[in-house]
Amino acid sequence: MNEMKKHNFQILESSDEEIRQSRQRRRKRILRIGLVVLVFAALLSGVLYFYHKYKTYERYEVKEEKNTELVSESEFYDYDGNLLKVSKNGAIYTTVDGNLLWNQSFEMNVPIVDICDNYAVVAAKKGRDAFIFNTKGLEGKVETSGEIRAVEVAKQGTIAIMTERNESYYVNLYEPKGTKLVQGEMHLENSGYPLAMSLSADGMKLAVSLVNIKEGQADTTLNFYNFGAVGQNEIDNLVKSDSYKNEMIPRIIYFDDDHVAAISGQKVYFYKGAQKPEREKVVTLKNEIRSVVVGKRYLGLIFNEKEDSNHRLVVYDRNGKVIMTTGYKTNYTGVAFIDDSEIVFTKDEKCRICTLDGAIKYSGDLEEPIVKMTPADRSDEYYVIYERKTQRIHFE
């Protein structure tokens, strides 16, 4: 019987240091692989973002369509991600695809509307009724003793109403339920004729433009009121007053709590200040303003270019810096910001969408005359409201 040879096997034991180093090398490999994956994902995401952001679409597809009532005498407003439809007969709040959330009936010859965050106010111009809404429906109502000239709402529901009675002008502030907070009186012979007003988002500051016409010259005074602790130390809560000779300022815009723009025919005055606004920048205008477009953070001015009869839109931020300029030939009747990232131009069936970087996203015709466009969930989809139907369209 052959004798079997015994082989000795040696078991190698790794030291603690070798095990630690091996684990470190493994972790580093995993981290390198993970880093490469993250960088690739970030690059891919960036490429897709800029592709969709700057892509020019040439056609679209209708994804959904719903028939609606005739809306030719209604105005639509973006309100907390949905739509507020206001007409002489009432206000209707719906989702963008047309599902009813609430409605409120009233009779107004000329409704005027202001919206801030979750609150909206609808008032009768030259009437005496103002309705205060939140996203759940009617919260309060105000009946004024004078005729309503202007109305503003703040983000917590405070509203400011300017009224006229016996050639005197009053500015009253109310709580969302309709309770009066403060009152200020302006007399035509003392202060001038009120052209415009704007309420800050926090409801604590109010800017009013008043014009005096003497010997054929129109001079404007901008008054800034503060209803907080700072303003209580001043007469009539007036914390600042600026005079502008031979200028009319028919538009004032409070972008937030401390940024204000005052627009005249020749210049735009940008103010800044949480308590007492100070003039930060003056923009001199070369051409006459045709219309004004207001977003949450941006101001757009549309001019007619005299030299070639074209049109030009200039967008400023709330500090007066030019964000973009774009020219176009079509005389669009509707221009609006979309989420402060795009601008949509409409006239009849014609539609033009551009980004605030100046890129043209779409330029062409839709099916029917457009009443309003508002974004859908995807960046390449929009809801289009026509007179008798609503569509969700997808650009391709």
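As shown above, the structure is provided for reference.
Values in this document were obtained by computation on a predicted structure and should not be read as measured data.

### Notes on the nonpolar core
Turning to step 1, where the next piece is worked out: Ranked by internal contacts, the top residues of the largest apolar core, which has 15 residues, are A130, V142, I159 and I161.
Turning to step 2, where the next piece is worked out: When residues of this core are traced back to their parent elements, those giving at least two are β6 (111-116), β7 (119-124), β8 (129-134), β10 (147-153) and β11 (159-165).
Turning to step 3, where the next piece is worked out: Once residues within four sequence positions are removed from consideration, I159 is found in contact with V121, I132, V142, E152, V153, N172, L173, Y174 and L199.

### Some thoughts on the sheet that holds strand β26 (residues 334-338)
Turning to step 1, where the next piece is worked out: The strand order β26-β27-β28-β29 describes an open sheet built from four strands, whose pairing is antiparallel. If you trace the sheet from one side to the other, it starts and ends with β26 and β29 (360-365), each paired once. The average angle at which neighbouring strand axes cross in this sheet is 10°, direction not considered.
Turning to step 2, where the next piece is worked out: Strand direction decides the pairing type here: β26 and strand β27 (residues 342-347), joined by five bridges, are antiparallel. Among the inter-strand pairings, F337 is bridged to a residue of β27, identified as I343.

### As for the pattern of salt bridges
Turning to step 1, where the next piece is worked out: What the rule picks out here adds up to 21 salt bridges.
Turning to step 2, where the next piece is worked out: With a closest N to O distance of 2.5 Å, D256 and R318 form a salt bridge. Here R318 lies in the loop between β24 (311-317) and β25 (322-328) and D256 lies in the loop between β18 (251-254) and β19 (259-263), a separation of 62 residues in the sequence.
Turning to step 3, where the next piece is worked out: On the basis of relative accessible area, D256 is assigned to the buried category, the value being 15%.
Turning to step 4, where the next piece is worked out: Taking relative accessible area as the criterion, R318 reaches 31% and is therefore assigned partly exposed.
Turning to step 5, where the next piece is worked out: In the salt-bridge network here, residues are joined through shared partners; they are E65, E367, E368 and K389.

### What to know about the sheet that holds β7
Turning to step 1, where the next piece is worked out: In space, the four strands of this open sheet follow the order β6-β7-β8-β9, with antiparallel pairing throughout. Each edge of the sheet is formed by a strand with only one pairing partner; in this case those strands are β6 and β9 (137-143). Strand-to-strand twist across the sheet, computed as the mean angle between neighbouring axes with direction ignored, equals 20°.

### Some remarks on a positive patch on the surface
Turning to step 1, where the next piece is worked out: Together, R23, R25, R26, R27, K28, R29 and R32 line one region of the surface with positive charge.
Turning to step 2, where the next piece is worked out: Tracing the chain through its elements places K28 in helix α1 (residues 16-54).

### Some remarks on the side chain of S74
Turning to step 1, where the next piece is worked out: Its place among the elements puts S74 in the loop between β1 (60-67) and β2 (75-79).
Turning to step 2, where the next piece is worked out: Contacts of S74, omitting those with residues within four sequence positions, involve K85, V86 and S87.

### As for the pairing of strand β14 (residues 193-199)
Turning to step 1, where the next piece is worked out: By the criterion of burial, β14 is predominantly enclosed, with five of the seven residues buried.
Turning to step 2, where the next piece is worked out: Looking at chain direction, β14 and strand β15 (residues 205-214) are connected through six bridges and run antiparallel. Counterpart to L199 in the pairing with β15 is L206.
Turning to step 3, where the next piece is worked out: Between β14 and β15, which pair antiparallel and follow one another directly, the connecting turn spans five residues, one of which, G203, has a positive phi of 75°.

### Some words on unusual backbone geometry
Turning to step 1, where the next piece is worked out: Unusually for a residue other than glycine, D80 sits at a positive phi of about 55°.
Turning to step 2, where the next piece is worked out: Judged by relative accessible area, which is 45%, D80 ranks as partly exposed.

### Some points on the side chain of N134
Turning to step 1, where the next piece is worked out: Its location among the elements puts N134 in strand β8.
Turning to step 2, where the next piece is worked out: In terms of polar contacts, N134 uses its side chain to reach the backbone amide nitrogen of K136, at 2.8 Å.
Turning to step 3, where the next piece is worked out: Contacts of N134, omitting those with residues within four sequence positions, involve Y79, W102, N118, Y119 and E139.

### Thoughts on the environment of A262
Turning to step 1, where the next piece is worked out: Here A262 is to be found in strand β19.
Turning to step 2, where the next piece is worked out: The exposure class of A262 is buried, given its relative accessible area of 1%.
Turning to step 3, where the next piece is worked out: Distance from A262 to A207, taken between C-alpha atoms, is 9.3 Å for residues 55 residues apart in sequence.
Turning to step 4, where the next piece is worked out: Excluding residues within four positions of it along the chain, A262 makes contact with L222, I249, R251, I252, K267, V268 and Y269.

Thresholds applied
- Residues numbered from 1 in each chain as written.
- Predicted model: local features only at pLDDT ≥ 70, side-chain atom pairs only at ≥ 80, totals over all residues.
- Heavy atoms only, no water.
- Core = buried A, V, L, I, M, F, W, Y, C linked by side-chain atoms within 4.5 Å.
- Buried < 20%, exposed > 50% of the residue type's maximum accessible area, 1.4 Å probe, protein only.
- Helix = DSSP H or I, 4+ residues; strand = E, 2+ residues; numbered from the N terminus.
- Contact = heavy atoms within 4.5 Å.
- Pairing = 2+ DSSP bridges.
- Axes fitted to C-alpha atoms, helices over the stretch in contact; angles between N-to-C directions.
- Salt bridge = Lys/Arg side-chain N within 4 Å of Asp/Glu carboxyl O.
- Patch = residues over 30% accessible without salt bridge, like charges linked within 9 Å, V, L, I, M, F, W, Y side chains within 5 Å.
- Areas by Shrake-Rupley, 256 points an atom, 1.4 Å probe, with all protein chains shown as cover.
- Lys, Arg positive; Asp, Glu negative; His and termini not counted.
- Charge placed at Lys NZ, Arg CZ, Asp CG, Glu CD.
- Polar contact = N/O pair within 3.5 Å; in protein donor to acceptor, adjacent residues only side chain to side chain.

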